[in-house]
Amino acid sequence: MGSRPLPTTATLILAALCDGPLHPYAIVKRIQHQTDHAAPLRASTLYRLIDQLLDSGCLREVDSRLPAGQDDERRRYFQITAAGRRALEAEARRLRLVLQATEAGLALWRSRA
Amino acid sequence: MTRALLIAIARRVMRAVLWLYPAPFRRRFGRDLTAHVTGEIAAADRRRAAGVACAEIAAALRDAPLVHLAYWRRRAAHAPSPPPASGWGSDLRLARRQVTGAPLRSALVVTTFALAIGASTAIFSVADAVLLRPLPFPASDRLVRLYEETKDASREGISLPAFEVWQRELRAVRALAFFEPRTALVMIDGEPEQLSGATVSRSFFEVLAAAPQHGAPFSPGPLTRGPREVVIAHRLWQRLGGSEAVVGSMLGVDPGTFAIVGVMPPDFDYPAGAQFWTAAGDLGILHTERSLRFLSAIGRLTPDADLAALQAELAVLTDRHPATDRLGGDVRMTARTLRDSIVGSVRTGITSALAAVALLVIVACCNISGLLLAESSTRARQRAVQAALGASRGRIARQQAFEVLWLAAPGCLLGVWAAWLCRDAIVALSREEIPLIAGTALDVRVMVFAVVATVVTALAASLAPSWSAARTSTRELSSRGSGHTRGVFVVLRGLVVAEVALTFVVAVSGVLLARTFDRLTRVDPGFTPDGVVSVRLNLPLSAPNRGSSLVLYDEILRRVRSTPGISAAGYASRLPLSDALASIEISAGDAEARPPVRAVLQAAGPGFLPAIGARIIRGRDFADADRQAPPAVIINDLLARHLFADGDPIGRRIRFNYFGRPTEGEVIGVNQALRYNGLTTPPAPELYVDYRVRPLMMLLFARTTVPIDAAVPLLKSAVRQADSSRRLAVDQITTLDREIARHLARPRFFLALVAAFAVAALALVTAGVYGVMASAVDAGRRNLGVRLALGATPSRVCRDTLRDGLVLTFIGLAIGGGLAMGATSSLRALLYEIAPRDPLAFGVTAAGLTLVALIACWVPARRASATDALAVMRAEE
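Residues numbered from 1 in each chain as written. Chains lettered and ligands numbered in written order. Predicted model: local features only at pLDDT ≥ 70, side-chain atom pairs only at ≥ 80, totals over all residues. Heavy atoms only, no water.

Engineer: Could you give an account of the overall build of chain B, with specific residues and numbers?
Structural biologist: If you tally the helices and strands in chain B, you get 25 helices and 21 strands. By the burial criterion, 51% of the 877 residues in chain B qualify as buried. Across chain B, the fraction of contacts at a sequence separation of at least 24, relative to all contacts at a separation of at least 6, is 81%. Taken as a whole, chain B presents about 39,400 Å² of accessible surface, with 60% of it coming from carbon and sulfur. (Helix = DSSP H or I, 4+ residues; strand = E, 2+ residues; numbered from the N terminus. Buried < 20%, exposed > 50% of the residue type's maximum accessible area, 1.4 Å probe, protein only. Contact = heavy atoms within 4.5 Å. Areas by Shrake-Rupley, 256 points an atom, 1.4 Å probe, with all protein chains shown as cover.)

Engineer: Give a description of the packing of aromatic side chains that names residues and reports values.
Structural biologist: Summed over all chains, the structure comprises 21 aromatic pairs over all chains. Seen in terms of ring centroids, B:Tyr21 and B:Phe25 are 5.2 Å apart; in terms of plane orientation they differ by 15°. Their pairing is stacked. Per residue, the accessibility class of B:Tyr21 equals that of B:Phe25, and both read buried. Ring centres of B:Phe137 and B:Tyr270 lie 6.2 Å apart, and the angle between their planes is 85°; on these two criteria the pair is classed as edge-to-face. In this pair, B:Phe137 is assigned in the loop between α5 (103-132) and β1 (143-149) and B:Tyr270 in the loop between β7 (256-263) and β8 (276-279), connecting sequence segments 133 residues apart. Each member of the pair B:Phe137 and B:Tyr270 is classed as buried. Linked through ring pairs, B:Phe137, B:Phe179, B:Phe204, B:Phe205, B:Phe218, B:Phe268, B:Tyr270 and B:Trp277 together constitute an aromatic cluster. The residue whose ring lies beneath A:Lys29 is A:Tyr25, and the NZ or CZ to ring-centre distance is 4.7 Å. (Phe/Tyr/Trp six-rings, centres within 6.5 Å; stacked < 30°, edge-to-face > 60°. Lys NZ or Arg CZ within 6 Å of the ring centre and 35° of its normal.)

Engineer: So, the confidence of the model for chain B: which residues are in play, and what are the values?
Structural biologist: Regions with low pLDDT carry predicted coordinates that are not meant to be interpreted in detail. Residue and element names in this part refer to chain B. For chain B, per-residue confidence averages 83 on the pLDDT scale, and 90% of positions sit at 70 or higher. In the model of chain B, helix α15 (residues 474-480) stands out as the element of lowest mean pLDDT, 52, in contrast to helix α18 (residues 608-611), which has the highest, 93. Taken over the whole predicted complex, pTM reads 0.68, whereas the ipTM for its chain interfaces reads 0.85. (pLDDT = per-residue confidence, 0-100.)

Engineer: Summarise the packing of helix α16 (residues 486-522) of chain B against helix α24 (residues 839-865) of chain B; cite the residues concerned and give the values.
Structural biologist: To characterise two packed helices, one gives the angle between the axes of the helices and the distance between these axes. All names here are of chain B. Across the interface, α16 lies against α24 with an axial gap of 9 Å and an inter-helix angle of 130°. Considering the angle they form, α16 stands oblique to α24. Regarding α16 and α24, the two cross each other, and that crossing is right-handed. Taken together, the residues of α24 that come into contact with α16 (itself represented by Val 500, Thr 503, Phe 504, Ala 507, Val 508, Val 511, Leu 512 and Arg 515) are Leu 840, Ala 841, Phe 842, Thr 845, Ala 846 and Leu 849. (Axes fitted to C-alpha atoms, helices over the stretch in contact; angles between N-to-C directions. Parallel < 35°, antiparallel > 145°, perpendicular 65-115°, else oblique. Left-handed = near helix turned anticlockwise from the far one by under 90°.)

Engineer: Go over the environment of B:Phe504, please, and point to the residues and values.
Structural biologist: Tracing the backbone shows B:Phe504 in helix α16. Apart from residues no more than four positions distant in its own chain, B:Phe504 is found in contact with B:Leu813, B:Gly816, B:Gly817, B:Ala820, B:Phe842, B:Thr845, B:Ala846 and B:Leu849.

Engineer: Describe in detail the interface of chain B and chain A, supporting the description with residues and values.
Structural biologist: If you look at the interface, chain B gives 24 residues, while chain A gives 20 residues. Of all residues in chain B, B:Phe29, B:His36 and B:Arg74 bury the most surface against chain A, accounting for 30% of the area lost on that side. Linking chain B to chain A there are 7 salt bridges. Across the salt bridge formed by B:Arg74 and A:Asp55, the nearest N and O atoms sit 2.8 Å from each other. At the boundary of chain B and chain A, one finds 12 residue pairs in polar contact (both at pLDDT 80 or more). Elements with a minimum of two residues in the side of chain B that touches chain A: α2 (23-43) and α3 (49-77) of chain B. Element by element, the count of residues in the side of chain B that touches chain A is highest for α3(B), at 12 residues. (Buried area = accessible area lost by both parts, 1.4 Å probe. Salt bridge = Lys/Arg side-chain N within 4 Å of Asp/Glu carboxyl O. Polar contact = N/O pair within 3.5 Å; in protein donor to acceptor, adjacent residues only side chain to side chain.)

Engineer: Pulling in residues and values, what's your account of α3(B)?
Structural biologist: The first and last C-alpha atoms of α3(B) sit 41 Å apart over 29 residues, in line with the 42 Å expected at 1.5 Å per residue. Of all bends in α3(B), the biggest is about 30°, found at B:Asp63, and the proline B:Pro65 comes one to four residues later. (Expected span 1.5 Å × (residues − 1). Bend = angle between axes of the 7 residues up to and from the residue.)

Engineer: Before we move on, could you go through the nonpolar core and cite the residues and values that matter?
Structural biologist: B:Val130, B:Ile350, B:Phe608, B:Ile612, B:Tyr688, B:Phe701 and B:Phe757 are the most contacted members of the largest nonpolar core, which totals 98 residues. By residue number, the principal contributor to this core is helix α21 (residues 736-779) of chain B, which donates 17 residues. Here B:Phe608 is in contact with B:Gly570, B:Tyr571, B:Ala572, B:Gln602, B:Asp621, B:Tyr676, B:Tyr688 and B:Phe701, once residues within four sequence places are set aside. Grouped together as the second largest cluster of nonpolar side chains are 45 residues, A:Ala16, A:Ile80, B:Leu6 and B:Leu33 included. (Core = buried A, V, L, I, M, F, W, Y, C linked by side-chain atoms within 4.5 Å.)

Engineer: Can you break down the side chain of B:Thr809 residue by residue, with the values?
Structural biologist: All names here are of chain B. By the secondary structure assignment, Thr 809 is in helix α23 (residues 794-823). Using a relative accessible area of 1% as the deciding quantity, one classes Thr 809 as buried. Residue contacts for Thr 809: discarding those within four places in its chain leaves Val 500, Leu 849, Thr 850 and Ala 853.

Engineer: Run through the pattern of salt bridges, naming residues and quoting values.
Structural biologist: By the definition in use, this model includes 32 salt bridges over all chains. Residues B:Glu40 and A:Lys29 are paired through a salt bridge, measuring 4.0 Å at the closest nitrogen-oxygen approach. Of this pair, B:Glu40 sits in helix α2 while A:Lys29 is found in helix α2 (residues 24-34), placing the two residues in two different chains. Given the relative accessible area of 10%, B:Glu40 is considered buried. Overall, the relative accessible area of 34% leaves A:Lys29 in the partly exposed class. In the salt-bridge network here, residues are joined through shared partners; they are A:Asp51, A:Asp55, B:Arg28 and B:Arg74.

Engineer: Before we move on, could you go through unusual backbone geometry and cite the residues and values that matter?
Structural biologist: Residues and elements named next belong to chain B. Of note, the amide linkage connecting Tyr 270 to Pro 271 takes the cis form, showing an omega dihedral of -10°. Looking at where Pro 271 falls in the secondary structure, it is placed in the loop between β7 and β8. Here the phi dihedral of Ala 139 falls at roughly 45°; this positive angle occurs in a residue that is not glycine. With respect to the helices, strands and loops of the structure, Ala 139 is situated in the loop between α5 and β1. Exposure remark for Ala 139: the relative accessible area of 44% places this residue in the partly exposed category. Even without a glycine there, the phi angle at Ala 209 is positive, about 55°. Tracing the sequence through the fold places Ala 209 in the loop between α7 (204-208) and β4 (214-215).

Right, dumping it as structure tokens:
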């Protein structure tokens, strides 16, 4: 199971949650901040991926709330699970290999040029 | 367009788009998703708000099929029920889920498979090794043993004249040989050691068609001349060094020295336990005396003759060469196969075990059928729905078959493993008791047969209802509810009745054997075995004269008696219980009117009877002073009553033949009878002659007050001290407790075997009754609901369910009782003082089975009475 690559957006969602539980709106904000608004994350995509990550056990819904007053009662919070962390690490290894291969290829290209 | 209007429109559109999503997703995230989209629009720049709204809606449209795809994949991965994708893989997975979904039922079925396959394979393999497999001789089915049968049916011995007649005149046998099992002192590394062996005729190995592994069999030659030759067993050969050089060397076998001419292969073991075979030389008086029947004869049938032909020839020879035994009865020449002569005594036990295991397998098949049929029948509705949705009959059957295979595969594996365990346990338990059993190899044919039989039964039981279900219309089913069809109901009840009946037969056999064993352990052997050790003192036949032997024996006894830890000691020539037959003829010396009677002869000395705890009723024991003629004798109460009726036997004279010489003895005491011929043969008349009249190889009996392990070295050192010239070999150290245990071992083995099957059958019948009753309660839930709704009390419902189960049990018991009446008479040979139709055994078994059935019905009955009428009615709508 773990060998299948995560969709990039799902990886970003998991990475965004490593700091603690967040609600979906906060996830979007954090991803946009981290990726410097490189690609917009649409609501339907976000919920589709959250649903998938919940089903595969990488996420779980939690009751954890921010301190009173900073929080909207209707918002749902999600937390990364141990399985999620493992999937994320596997994905990081995979991406690192991809990155290395990519840069090695580009370096060869440059040296030829 | 104002921001508020844009948001309102986007919300409407999103709500519409959400209907394109799977319902669970919509319920879970619909509101949040819409709120999220409106939030994004609200947060966007004024100029970009419309673009964001469009992009979000477009993304939602794009994502809908992706979510559908994810949900569809998820359903496929853990779909709880049919119909989905066709194909063997999905059917196999579905079947596995059905199996793991009902762990208790599956465990029961798997265990039943294992039990049936394991037990039947092990027992059939044992029976094959003991009763069927050829003996380890070429063409062993043509080997026979010949007997001269006398009136007392002790048909072991033949006389040499009879043998010579057979050699001359029999046409049905190609070759004949005689042998005489004996024990002798064999010199191994300069130490004498008592070994079993046989004196055999030169044709012995030729008849058995057995060739030595090294060297050659005896050189052919006239019976009366030639070198003294010995063939040794592989075991002895290895103790002598195990090299080729052993052949040709000399071996001291009391009373002479023999040249080793051959070494037999390791698997040659006839007569059982023999380690050497010496070629018979001149047998002296045996050549002419037909009344001396010490030899055993074996022969090999010619290719065109059979046992019946041989019997017919022997009948003719019986008439042509008449002889009488000492009682005046006719001696009849007869024969049986060599296998019969070896295993005849255990045939009944093994066949009983076979019958018991066959019944157990049938019970197991009934059990598997019942469990699967009940389960399969309750799922008839599910299958009808599948059929209505388009599943073919073959498809439904395939799913059922896969389910059976999921149960059968682990069951068979466990069964094979159980067969190994059973075989090892059986062989370990009975190696000493059952001839040929050590050669038991698991029989693959039987295993395959057991596997096929159980699996086919299971398939049939599982598929039968689905066959009919596929024909049943859905409407019929829904009107019938989830109950069993009438046919299934009848079959299930029939299976319960059959299980109970067959289990009764096995269980009652077990109880009969247990009662027999109980009786055997309570038999009074006439002595008190606790703490009595016996050692054999082997005086070489070639050794000393009478006087010096007596001095040696006296010295040993004196030292043993003064050894601490030994409270009493004495000599006798044979062990009690040692299968001695009444063989010597006794008559009263002064009252000729009484006919002579046969008695067990025992040479004994002072202290023997007290040492083993035998009781002297009248008169006294031998004393050190009784050395003069006439020899003092002690007789037992049976012999006294026979010879002297109620008169006082003390001081009376009796006449008997002692070592071929007419002897008259004076009765000095009367003892209470002991058992000499095993535990089950009633005591016979006994005659104890003072051993000092003619000292022979004696057994020393000592009653110890210390543990046996500590006493044996004390005894040995006492003998060593007395026997300074090292003429004696001390061997066959045993205890009377061990002798009794030895005689109990075979009954114990067959009891253990049949009892194990009985317990297994009881466990199966418990599971079977429970399974069928539980499924009947589940299936009849609607009726129960109606009854309860109409005012039946729960306790009434509980009682009725119990009664239902008990009626089946009683029918089963009645049938089983009838079967057992017929079957147990075949156990007669294994029973002792217990009638095959022992009412107590039948009663106890019936009561036990009823109790078991009651317990098995109790849980379903409780569940029936706890039925919630309203819930049932609602569920059925």
